[in-house]
Amino acid sequence: MFAVYAAEPNPDNPLDALRVGERPEPDVPDGWVAVSVRAASLNMHDLWTLRGVGIKAEQFPMILGCDGAGVLADGTEVVLHGVIGDPSFGDETLDPKRTLLTEKHQGTFADTVIVPEGNVLPKPAGLSFAEAACMGTAWLTAFRMLFSRSEMRPGQTMLVQGASGGVSTALIALGKAAGMRVWVTGRSEEKRALAMSLGADETFESGERLPKRVDAVFETVGKATWGHSMRSVKPGGTIVVSGSTSGPDANADLQRLFFNQIRVIGSMMGNHRELADLLAFCELKGIRPHIGAEHAMTDADKGFEQMLAGDTAGKIVFTL
Ligand SMILES: NC(=O)c1ccc[n+]([C@@H]2O[C@H](COP(=O)([O-])OP(=O)(O)OC[C@H]3O[C@@H](n4cnc5c(N)ncnc54)[C@H](OP(=O)(O)O)[C@@H]3O)[C@@H](O)[C@H]2O)c1
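Remember, it's a predicted structure, so these values are computed and weren't measured experimentally. (Residues numbered from 1 in each chain as written. Predicted model: local features only at pLDDT ≥ 70, side-chain atom pairs only at ≥ 80, totals over all residues. Heavy atoms only, no water.)

Caption draft 1: A look at the site of the ligand. Neighbouring the ligand are 27 residues; S164, G166, S242, T245 and M269 lie closest to it. Relative to its unbound accessible area of 920 Å², the ligand is 89% covered by the protein chains. Broken down by secondary-structure element, the contributors of at least two residues to the shell around the ligand are helix 1 (44-51), helix 3 (135-149), helix 4 (166-177) and helix 6 (223-232). Here the element with the most residues in the shell around the ligand is helix 4; it accounts for three residues. (Near = heavy atom within 4 Å. Areas by Shrake-Rupley, 256 points an atom, 1.4 Å probe, with all protein chains shown as cover. Helix = DSSP H or I, 4+ residues; strand = E, 2+ residues; numbered from the N terminus.)

Here is the structure:
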């Protein structure tokens, strides 16, 4: 079958490991279903996989793609949940053996993907396949950061580090719909204008001093913005972290951490229940994910080049 995959790990030149070609048709084990993929979205995770981060060398070649939307054999339209873990932990993201699609099991950038039958949810009729494909990773991560991890209340002020990325654009739209004052940093005027168009109340240059400290900061950038996040949160406030694109080894600034009693909270994807709630929330509020670029999956390399260059304006989606 047609697939976009990582041939081997390549830490220095990840795009050299990218292949657009053919992979074997999957067998479907008991308790799993085959989904005919219609659309899947690109996440930074796919670039990490090409670099060999978060995946064992023996797992290559690996079909990329952590999320998607498609159709079951009986015609049911579905959204995929890409976290494969044991729900008996109460939250499958807390299962120490949980994996994301593309870590152990093959991903969604292919004609067909197989997942446990509990990992599909009905696709809301109001979302296109391309829009629904954005939900399973970036939007789910933003939803958990905001609603399960931050303890924010409507009326409070949140800062989103980064304006144009998948998780950032989801945080802006969800925060606005939930009644937060949404402040956003962006690296260019164009990216800050995008954030305003998605519902931000105010935008700032990366590292710019804010008019006041915020209740919570939402971090996916890491080293490049960490110092600003620590300076921008109010005493007793929260920084929720789900990524470290620019590097994981930021100065923790422990003195400021304890002196200002800052809570730093990690956040990882989301569970099946949160994905169901996200889909319902978007339907209720009429929220549609902002897609910055849509490519035929055969042209997936164009999307990978955009993400690697930081040339994002919302989600990058591949369609079949
Ligand atoms: N823990 C989880 O479950 C989970 C799930 C999804 C993603 N993630 C992680 O979250 C991160 C973002 O993923 P994504 O898919 O949203 O990626 P993306 O679409 O490529 O977005 C990257 C974002 O990072 C910002 N950025 C990058 N380098 C920066 C720098 N040097 N200074 C300031 N801002 C910078 C960009 O800001 P501008 O808009 O200003 O360019 C952009 O908003 C990745 O590290 C990914 O691995 C984690």
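Caption draft 2: Summary view of a nonpolar patch on the surface. A cluster of nonpolar residues, L254, F258 and F259, forms a patch on the protein surface that exposes about 410 Å² of accessible area. Within the secondary structure layout, F258 lies in helix 7 (residues 254-259). On the basis of relative accessible area, F258 is assigned to the exposed category, the value being 58%. (Patch = residues over 30% accessible without salt bridge, like charges linked within 9 Å, V, L, I, M, F, W, Y side chains within 5 Å. Salt bridge = Lys/Arg side-chain N within 4 Å of Asp/Glu carboxyl O. Buried < 20%, exposed > 50% of the residue type's maximum accessible area, 1.4 Å probe, protein only.)

Caption draft 3: Just helix 4, in detail. Between its terminal C-alpha atoms helix 4 stretches 17 Å, which fits the 16 Å expected from twelve residues at 1.5 Å a residue. Of all twelve residues in helix 4, ten are buried; the element is thus mostly enclosed. For helix 4, the full list of buried residues reads G166, V167, S168, T169, A170, L171, I172, A173, L174 and G175. In the segment just after helix 4, G179 is the residue with positive phi, at about 90°. (Expected span 1.5 Å × (residues − 1).)

Caption draft 4: Quick peek at the packing of helix 3 against helix 4. Axis separation between helix 3 and helix 4 bottoms out at 8 Å; the angle between their running directions is 50°. For the element pair helix 3 / helix 4, the angle class is oblique. Helix 4 is crossed by helix 3, and the crossing has right-handed handedness. Mapping the contact onto sequence places A138, W139, A142, F143, M145, L146 and F147 in helix 3 and G166, V167, T169, A170, L171, A173, L174 and G175 in helix 4. (Axes fitted to C-alpha atoms, helices over the stretch in contact; angles between N-to-C directions. Parallel < 35°, antiparallel > 145°, perpendicular 65-115°, else oblique. Left-handed = near helix turned anticlockwise from the far one by under 90°. Contact = heavy atoms within 4.5 Å.)

Caption draft 5: Spotlight on the pattern of salt bridges. Applying the stated criterion across every chain yields a total of twelve salt bridges. The closest approach of N and O atoms between K176 and D201, which form a salt bridge, is 3.1 Å. With K176 in helix 4 and D201 in the loop between helix 5 (189-197) and strand 13 (202-205), this residue pair connects regions lying 25 residues apart in the sequence. The class for K176 is partly exposed, based on a relative accessible area of 38%. Given a relative accessible area of 34%, D201 falls into the partly exposed group. When the shortest N-O distance is used, the salt bridge between K223 and D249 registers 3.4 Å. Pair noted here: K223 is in helix 6 and D249 is in the loop between strand 15 (233-241) and helix 7, with a separation of 26 residues, a long-range link. For K223, a relative accessible area of 43% puts it in the partly exposed group. Bridged by salt links that share partners, the residues D91, R144 and E274 form one connected network.

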